[in-house]
Amino acid sequence: MFQSFDTVNDPSVGAPRVASVRALMAKAGVVAWLVPRSDEYIGEYVPPSAERLRWLTGFSGSAGLAIVGTKAAALSTDGRYTIQAAAQVDAATYTVLDSTGAPWLEWLATKVPGGGAIGYDPRLHTATAVTALKTEAALHGFTLKAITANLVDRAWGRAQPKAPAGAIAIQPLSLAGVAAETKIADIQKVLVAAKQAAVVLTMSDSIAWVFNIRGIDIPHNPVPLCFALLHARGKAELFIDPAKLTVETKKYLSGLAKLSAPKDLAVRLAALKAAKGHKVRVDPATASAWIA
């Protein structure tokens, strides 16, 4: 995987940006706000529009979590990045924690001894991670509060870059080896055997494999950022920005799936949830808590 080590960060932005997030925290009724590296696709490598951790802290590593408390803030990362983090963030604003050492919750408990609600965006954390965090947070007197109106996005405002709209390319059958129609049919057989109505695909590489497509939304990562819904019976659904499609790719994908905008996923998931007697497959280790 590719990572640029160019230094383009200004540590001095840390204090005012943390202050803007704290103002929103007070309105949201939370004593802390979590800012992970990942995006809604739970990817390690994210587009500029999802560089929330970097915007807030100045840290550009591929793994990290910022914790903004009411009076203190920290950046937790692993041993690969502790030196880099110390050089990129404002030491007067952030305490750099080694994620392999003392858990950040222990640090937060010393800064907010009375406990309270920790705010998080459920689109940016896996279902498995949130379940585990709820249990661990309770041991320190904290609860979790899901807030989909991301506080960093609100603080970032109009300066936040637009989501990428890189063109989709069709992977030739000579390289893919198996037609997308065959892959979808095989998945449907698995769903029928498991008596499940559908599966939600959230991992970009899985979707690229199923539909035999490639993307350029993230440099050096040949996958398109999108979501998919495969039904045991009936046509698949692909939730993708139409700006990514040419006449050729739209015709190709329309033959495989119903095409919808990413914003329509919420409506479809709500419909699945409301359908009585239906079981929907989702991977809690890779899908966001919001989707699960």
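Residues numbered from 1 in each chain as written. Predicted model: local features only at pLDDT ≥ 70, side-chain atom pairs only at ≥ 80, totals over all residues. Heavy atoms only, no water.

### Regarding the sheet that holds strand S1 (residues 32-36)
Spatially, six strands are ordered S4-S3-S2-S1-S5-S6 in an open sheet, and the strand pairing comes out mixed. In this open sheet, the two edge strands, each paired with only one partner strand, are strand S4 (94-98) and strand S6 (142-146). Each neighbouring strand pair of the sheet contributes to a mean axis angle of 25°, computed without reference to strand direction. Judged from the five bridges that link them, S1 and strand S2 (residues 65-69) form a sheet pairing that is antiparallel. Residue pairing for S2: Ala32 is matched across the bridge by Gly69. Those strands touched by helix H5 (residues 127-139) are S1, strand S5 (116-120) and S6, and its axis lies near 145° from that of S6. (Pairing = 2+ DSSP bridges. Helix = DSSP H or I, 4+ residues; strand = E, 2+ residues; numbered from the N terminus. Axes fitted to C-alpha atoms, helices over the stretch in contact; angles between N-to-C directions. Contact = heavy atoms within 4.5 Å.)

### Notes on helix H8 (residues 180-193)
Taking 1.5 Å as the rise per residue, H8 with 14 residues should run 20 Å; its terminal C-alpha atoms sit 20 Å apart, in good agreement. By the burial criterion, the buried members of H8 are Ala180, Lys183, Ile184, Gln188 and Leu191. Axial view of H8: buried residues confined to an arc of 140°, hence all on one face. The exposed set on the far side of H8, more than 90 degrees from its buried face, consists of Lys189 and Ala193. Buried residues belonging to H8 abut helix H7 (173-176), strand S8 (198-201), helix H9 (204-211), strand S10 (227-231), helix H10 (247-254) and strand S13 (280-281). Just beyond H8, the residue with positive phi is Lys195, at close to 55°. (Expected span 1.5 Å × (residues − 1). Buried < 20%, exposed > 50% of the residue type's maximum accessible area, 1.4 Å probe, protein only. Arc of directions from axis to C-beta.)

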